[in-house]
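Per-entry structural report
Given next are the chains, with one letter for each unit.
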Amino acid sequence: MSRPLVVISKCLGFARCRYNGKIIEVGWLEELKSFVELLPVCPEVAIGLGVPRDPISLVLKNGEKRLVQVSTGCDLTEYMRNFSREFLSSLSKVSGFILKSKSPSCGVYDTPVFADLSTGIPVSYGSGLFTQMVFEFFPSLPIVDEKYLTLPENRYEFLKKISCGRI
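What comes next is a walk through the structure. Just so we're clear, the structure is a prediction, and the values are computed from it rather than from any experiment. (Residues numbered from 1 in each chain as written. Predicted model: local features only at pLDDT ≥ 70, side-chain atom pairs only at ≥ 80, totals over all residues. Heavy atoms only, no water.)

**Comments concerning the overall build of the protein**
Secondary structure assignment for the protein yields five helices and eight strands. For the protein, the succession of helices and strands along the chain, N to C, is β-α-β-α-β-β-α-β-β-β-α-β-α. The C-alpha atoms of the protein give a radius of gyration of 16 Å, which matches the 15 Å a tight globule of 167 residues would have. Each of the three principal axes of the protein carries a C-alpha extent, and together these read 50 × 30 × 25 Å. Considering only intrachain contacts with a sequence separation of at least 6, the fraction spanning at least 24 residues in the protein is 62%. Taken as a whole, the protein presents about 8600 Å² of accessible surface, with 54% of it coming from carbon and sulfur. In the protein, which carries 20 positive and 17 negative side-chain charges, the distance between the mean positions of the two groups comes to 3 Å. (Helix = DSSP H or I, 4+ residues; strand = E, 2+ residues; numbered from the N terminus. Rg over C-alpha atoms; globule rule 2.2 N^0.38 Å. Contact = heavy atoms within 4.5 Å. Areas by Shrake-Rupley, 256 points an atom, 1.4 Å probe, with all protein chains shown as cover. Lys, Arg positive; Asp, Glu negative; His and termini not counted. Charge placed at Lys NZ, Arg CZ, Asp CG, Glu CD.)

Pasting the structure below:
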């Protein structure tokens, strides 16, 4: 029997692809690799943003979350939606997702959303743009961030959920 396929943010132990050119070392990653097949993805690099790159943020415009590069004001929303739609529709047997917390593309629940970038004060918190589409495409799958998996009991729960969905 093949191992469950889990999509994971590439910056979590796979590549130096964060906006600042860093990688996030994840202590539990090796343990997880023995139970699942991991498919790393960096939506921001996939839409053509370089490494390192100027940060991007979620901004409310006319009541809609938009993905904006802070320094240039460039709206990247449609690029991210198009990539997300294409990538997610190509997944046939995915069992779950592990995504980067607070990321404007991959954050699960804790990404700051701004009304005005000049204040630096978020008006709310929510999902990153890629993750928002993950929830739309795969509403019944486990979708967590790396912070959730720091506790062994949460890793165990996650592994149970992705395995039970395959039986």
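**Examining the pattern of salt bridges**
Within the structure shown, the criterion is met by ten salt bridges. As a salt-bridge pair, E30 and K33 come within 3.1 Å of each other at their nearest N and O atoms. Placement of both E30 and K33 in helix α1 (residues 29–33) is noted, with a separation of three residues, approximately one turn of the helix. Here K33 falls in the partly exposed class, since its relative accessible area comes to 31%. Across the salt bridge formed by R66 and D75, the nearest N and O atoms sit 2.9 Å from each other. You can call R66 buried: its relative accessible area is 14%. (Salt bridge = Lys/Arg side-chain N within 4 Å of Asp/Glu carboxyl O. Buried < 20%, exposed > 50% of the residue type's maximum accessible area, 1.4 Å probe, protein only.)

**A closer look at the sheet that holds strand β3 (residues 56–61)**
In space, the four strands of this open sheet follow the order β4-β3-β6-β7, with mixed pairing throughout. Of all the strands in the sheet, just β4 (64–69) and β7 (122–126) have a single pairing partner and so form its edges. Here the strands of the sheet are splayed against their neighbours by 40 degrees on average, with no regard to which way each runs. Relative to β4, β3 is paired through six bridges, and the arrangement is antiparallel. Within β4, the position partnered with K61 by the bridge is E64. (Pairing = 2+ DSSP bridges. Axes fitted to C-alpha atoms, helices over the stretch in contact; angles between N-to-C directions.)

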